[in-house]
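In case you want the letters, here they are:
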Amino acid sequence: MNKKKKPFLGMPAPLGYVPGLGRGATGFTTRSDIGPARDANDPVDDRHAPPGKRTVGDQMKKNQAADDDDEDLNDTNYDEFNGYAGSLFSSGPYEKDDEEADAIYAALDKRMDERRKERREQREKEEIEKYRMERPKIQQQFSDLKRKLAEVTEEEWLSIPEVGDARNKRQRNPRYEKLTPVPDSFFAKHLQTGENHTSVDPRQTQFGGLNTPYPGGLNTPYPGGMTPGLMTPGTGELDMRKIGQARNTLMDMRLSQVSDSVSGQTVVDPKGYLTDLNSMIPTHGGDINDIKKARLLLKSVRETNPHHPPAWIASARLEEVTGKLQVARNLIMKGTEMCPKSEDVWLEAARLQPGDTAKAVVAQAVRHLPQSVRIYIRAAELETDIRAKKRVLRKALEHVPNSVRLWKAAVELEEPEDARIMLSRAVECCPTSVEVLNKARENIPTDRHIWITAAKLEEANGNTQMVEKIIDRAITSLRANGVEINREQWIQDAEECDRAGSVATCQAVMRAVIGIGIEEEDRKHTWMEDADSCVAHNALECARAIYAYALQVFPSKKSVWLRAAYFEKNHGTRESLEALLQRAVAHCPKAEVLWLMGAKSKWLAGDVPAARSILALAFQANPNSEEIWLAAVKLESENDEYERARRLLAKARSSAPTARVFMKSVKLEWVQDNIRAAQDLCEEALRHYEDFPKLWMMKGQIEEQKEMMEKAREAYNQGLKKCPHSTPLWLLLSRLEEKIGQLTRARAILEKSRLKNPKNPGLWLESVRLEYRAGLKNIANTLMAKALQECPNSGILWSEAIFLEARPQRRTKSVDALKKCEHDPHVLLAVAKLFWSQRKITKAREWFHRTVKIDSDLGDAWAFFYKFELQHGTEEQQEEVRKRCESAEPRHGELWCAVSKDIANWQKKIGDILRLVAGRIKNTF
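Parameters and conventions
- Residues numbered from 1 in each chain as written.
- Predicted model: local features only at pLDDT ≥ 70, side-chain atom pairs only at ≥ 80, totals over all residues.
- Heavy atoms only, no water.
- Helix = DSSP H or I, 4+ residues; strand = E, 2+ residues; numbered from the N terminus.
- Areas by Shrake-Rupley, 256 points an atom, 1.4 Å probe, with all protein chains shown as cover.
- pLDDT = per-residue confidence, 0-100.
- Contact = heavy atoms within 4.5 Å.
- 1 Å grid on protein atoms, 1.4 Å probe; cavity = no way out; pocket = protein on both sides within 12 Å on 5 of 7 lines; lining within 4 Å.
- Points joined across faces, edges and corners; volume = space filled by probe spheres on them.
- Nonpolar A, V, L, I, M, F, W, Y, C, P; charged D, E, K, R; others polar.
- Phe/Tyr/Trp six-rings, centres within 6.5 Å; stacked < 30°, edge-to-face > 60°.
- Buried < 20%, exposed > 50% of the residue type's maximum accessible area, 1.4 Å probe, protein only.
- Lys NZ or Arg CZ within 6 Å of the ring centre and 35° of its normal.
- Patch = residues over 30% accessible without salt bridge, like charges linked within 9 Å, V, L, I, M, F, W, Y side chains within 5 Å.
- Salt bridge = Lys/Arg side-chain N within 4 Å of Asp/Glu carboxyl O.
- Axes fitted to C-alpha atoms, helices over the stretch in contact; angles between N-to-C directions.
- Parallel < 35°, antiparallel > 145°, perpendicular 65-115°, else oblique.
- Left-handed = near helix turned anticlockwise from the far one by under 90°.
- Lys, Arg positive; Asp, Glu negative; His and termini not counted.
- Charge placed at Lys NZ, Arg CZ, Asp CG, Glu CD.
- Expected span 1.5 Å × (residues − 1).
- Core = buried A, V, L, I, M, F, W, Y, C linked by side-chain atoms within 4.5 Å.
- Disulfide = S-S within 2.5 Å.

### Considerations on the overall build of the protein
Across its full length, the protein carries 48 helices and 2 strands. With an accessible surface of roughly 60700 Å², the protein has 53% of that area assigned to carbon and sulfur atoms.

Take a look at the structure:
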């Protein structure tokens, strides 16, 4: 039955329609309300959704994140100290009070962070430094080498070789293909290998195929004789004649290819290359029988008289003419053995031999005939280089200085300036020089070298009286001819005369020109500079002449006498020094140091009575002089005259009481083990000179020697109240506290000393070492950094800082130290020790020499140098260092003073102290 369709079906629901609302079905939700379940990768209904929201899974993630934003107030999310992980009131409104509270809390957090910031940064810095020290970067290890790249020149950079070939040996050196001609037998043997047979052997048909009448199968009645090949002309005959023709044709083609080069010049002559053999055909014009007769006669002469040079020369020339050059060379070399003193034989041998061999022959000739001019000339002719020719001729002139021919050849090779010098020397050596000089003076009246050469000639002939006259006449003549007397040039000429050994000439020149062109008030200063310059140029006689002239002009100048005395002490003899000092004290009797130098010279020579007499004269000239009193006391005590020394000191304390006199008195009693007398004298001295720190030091050390630590501490403290700026007193007190185990008190003492004595490197160094000895290396490094900030130019601090670093960083630290203190002896000594620790012996020795040269008074440098030579040097080098140390007489140095000022070593000589200090040094650096 057809029902009528409802009109509302298929139409949209009216606005506000809720299904089931009329029948009360609104309190539950069914599957139809939420739709079917979907997969996470299913697309959403909105086909225009943006990326990230196009699938059901994306929508679910978004909803889950929104749920996470809500507060989670579960008990599992609660902490007793911090509370809930999130804010309890994050969902509430953010008001002005909340903003103020947040600002206050932020300010508090910032303040607390600043308080911890310095400590945190320091800790992080130390951790980073420790990490970098243990694991240095490649960049740090090569930083010093990269710094040196700035010194590389363009030529050195271009000369760096290319990167080597990394291929293996077979790839780098491929073997060239070797082509060996194939022998004819090979072709004959293998000719039949590729031959085709088109017929059947009748024997095969006769015996049934391949079967043979013999059971062996391969045996034939005539083995090899019936096979086709060389005997059958029809089947591949080997035609040897055609092969030979083909080989000749190939050779002709190759010769044609290389016969002409690109420019058309012949490279290989295929037709006439054998014609060069014509040069080997003898060109003599005689008969062969005559040659044989001559050879026989010369052989007879050589055998009957083997020491006859013409026989050897004639034999060699005969063989040379007949084309037997090697035989000729052998004969003439045999002649040199039989006649080694014959000039002609050696010259003939040099002529026959080729270039390098001829030089060797000439060298042998010079050894046998060192006076032969012709051999030297021949040696010079064999050299191709001009410098080599000059060297040969100058060597020849050393052996034959009176040869005009050699002088002429040598002068011809020189430049004009050098030629003039050589001519002057030639004039001296040649016997006809006087006439030549007279002619030269007439022709060249304006050349000073001629006059100087004339003076040198007179000196060489023993006429020293004429030298002064010739130089004076030279000055007069040159001025008359309008020549300006250049003082510097004349001084250089005098230095050259000094180096040539013409002492009288150089002194005459210096006396003649030393006062030319100098103002009166500048004379002393200029002459002293000239003398120092001559010493630097190793012209000692010139310097001696300058001092002698200056002493004539300034006889009462103590400084001039003193410099002249030091010059004689360093470069002269003991007799010259004593003679000079006798004249010095006659002109300057009030100069104590001159008297003391004279007395010391006598004492070192072992003449003690003469030294006493000199000091007695010094007492007369300088009564109540502290230096002379103490010198007399030292002289007596060094010679074991202790009672005389005590009487002298008592007399000095009564007539010339000074702090040093009291100090020497205390020391004399102390070294004699008279402790009570020493203490009494020390107390008496301190009543008069309480501001003299050495007295307080001695008092404390005496108490310390008696193991009275409290009294020693009291003495040092009292001394520091009177002498707060005495560094040794602070160090002694600090070491005393460290010795008895009071490390904290020692550290406090050093801090107090640094406050009272700022920028004191010695106190900073002791502070660093104190921490290092206590095992606190980090604190020691920190203190060293502060010390270098306060004393950036202290060499002793830099030298210690080098060895505080780890081994890889020491080289870089030494470079920084040299930049700051380039000429400091402590830094130079540290660099020498650094090279020593790296086993770079040559460099270490060079830096040790540089150190003792820049400061010869540093005893530690001499001790390390001597220890170095004991380990790596020869006995001669060790002895040289010891002698140089004894002549330098060092007085300072930490290790040196610790030994030299020890009471047990008070009579030790410099050499003994050097050995003791070197014995205490250990190679721990």
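### Points about the confidence of the model for the protein
The predicted model of the protein has a mean per-residue pLDDT of 77, with 76% of residues at 70 or higher. Under a pLDDT of 50 for its full length, residues 204-236 has, in the predicted model, 14 contacts with residues more than four places off or in other chains. The low-confidence segment residues 260-283 (pLDDT under 50) makes 14 contacts with residues lying over four places distant or belonging to another chain.

### With respect to the layout of surface pockets
As a volume, the second largest pocket reaches approximately 1200 Å³. Considering the residues around the second largest pocket, the lining is formed by 32 residues, among which Glu129, Met133, Asn781, Glu805 and Lys813 are closest to the centre. Listed by contribution, the elements that provide at least two residues to the lining of the second largest pocket are α3 (96-134), α40 (777-790), α41 (795-804) and α42 (807-820). The residue inventory of the lining of the second largest pocket, partitioned by class, reads 11 nonpolar, 9 polar and 12 charged.

### Observations concerning the environment of Leu551
Among the structural elements, Leu551 can be located in helix α26 (residues 540-553). Along the backbone, Leu551 and Ala564 are 13 residues apart, and their C-alpha atoms lie at a distance of 8.7 Å. Excluding its chain neighbours within four sequence positions, the residues that come into contact with Leu551 are Val560, Trp561, Ala564, Leu580 and Arg583.

### Digging into the packing of aromatic side chains
Under the definition given, this model contains 9 aromatic pairs. When the ring of Phe848 is compared with that of Phe868, the centres are 5.3 Å apart and the planes differ by 40°; the resulting orientation is tilted. Taken together, the positions of Phe848 in helix α44 (residues 841-854) and Phe868 in helix α45 (residues 859-872) put the pair 20 residues apart, joining distant regions of the chain. A single burial state applies to Phe848 and to Phe868, both of which are buried. Among the aromatic side chains, those forming a connected cluster through ring pairs are Trp836, Phe848, Phe865 and Phe868. Geometry around Phe864 places Lys833 over its ring, the cationic atom sitting 4.5 Å from the centre.

### Remarks on a nonpolar patch on the surface
Residues Leu149, Val152, Trp157, Leu158 and Ile160 make up a contiguous nonpolar surface patch of about 520 Å² in total accessible area. Topologically, Leu158 is positioned in helix α6 (residues 154-158).

### Here's the deal with the packing of helix α21 (residues 448-460) against helix α24 (residues 503-513)
Viewed as axis vectors pointing N to C, α21 and α24 meet at an angle of 140°, and their least axial separation amounts to 8 Å. The orientation of α21 relative to α24 falls into the category oblique. α24 is crossed by α21, and the crossing has right-handed handedness. Between α21, through Ile452, Ala455, Lys456 and Glu459, and α24, the contact on the second element is made entirely by Val503, Ala504 and Thr505. When grouped by side-chain class, the residues that make up the contact of α21 with α24 number 4 nonpolar, 1 polar and 2 charged.

### Regarding a negative patch on the surface
Residues Glu95, Asp97, Asp98, Glu99, Glu100 and Asp102 make up a contiguous surface patch of negative charge. Mapped onto the elements of the fold, Asp102 is located in helix α3. Assessed through its relative accessible area of 41%, Asp102 is described here as partly exposed.

### Examining the pattern of salt bridges
Taken as a whole and assessed by the stated rule, the structure comprises 40 salt bridges. Glu383 is the partner of Lys359 in a salt bridge, and the nearest nitrogen-oxygen pair spans 3.7 Å. Of the two residues, Lys359 sits in helix α15 (residues 355-368) while Glu383 sits in the loop between α16 (373-382) and α17 (386-399), which places them 24 residues apart along the sequence. Here the residues in one salt-bridge network are Arg317, Glu320, Glu348 and Arg351, joined through shared partners.

### Concerning helix α34 (residues 675-688)
For α34, with 14 residues, the first-to-last C-alpha span of 20 Å sits near the 20 Å given by 1.5 Å per residue. Among the structural elements, α32 (642-655), α33 (659-671) and α35 (693-705) are those in contact with the buried residues of α34.

### Remarks on the nonpolar core
Within the largest apolar cluster, 63 residues are counted, with the highest numbers of intra-cluster contacts made by Trp490, Met510, Val513, Trp527 and Leu594. Looking at which element gives the most residues to this core, the answer is α26, with 7 residues. Counting residues in each nonpolar core, the second largest holds 47 residues, with Trp764, Leu804, Trp847 and Val881 among its members.

### Re the packing of helix α46 (residues 875-888) against helix α48 (residues 910-920)
Across the interface, α46 lies against α48 with an axial gap of 9 Å and an inter-helix angle of 120°. Here α46 is positioned oblique relative to α48, judged by the angle of their axes. Where α46 crosses over α48, the handedness of that crossing is right-handed. Contacts from Arg882, Cys885 and Glu886 of α46 reach α48 at Ile910, Gly911, Leu914 and Arg915.

### Let's talk about a positive patch on the surface
A grouping of Lys634, Lys664, Lys667, Lys694, Arg891 and Lys901 is seen on the molecular surface, where their side chains present a positively charged patch. With respect to the helices and strands, Lys694 occurs in helix α35. Residue classification places Lys694 among the partly exposed positions, given a relative accessible area of 43%.

### Looking at unusual backbone geometry
The bulk of non-glycine residues show a negative phi, and the bulk of peptide bonds are trans. The backbone of Asp673 shows a phi angle near 65°, a positive value even though the residue is not glycine. Mapped onto the elements of the fold, Asp673 is located in the loop between α33 and α34. Residue Lys759 is not a glycine yet carries a positive backbone phi of 60°. Tracing the backbone through its elements, the reader meets Lys759 in the loop between α38 (743-756) and α39 (761-773).

### Things to note about the side chain of Lys390
In this structure, Lys390 sits in helix α17. Discounting chain neighbours no more than four positions away, the residues touching Lys390 are Leu413 and Glu414.

### Points about the state of the cysteines
Taken as a whole, this structure holds 0 disulfides when the rule is applied. Here Cys497 is not disulfide-linked; the sulfur of Cys506 is the nearest cysteine sulfur, at 6.8 Å. Given a relative accessible area of 2%, Cys497 falls into the buried group.

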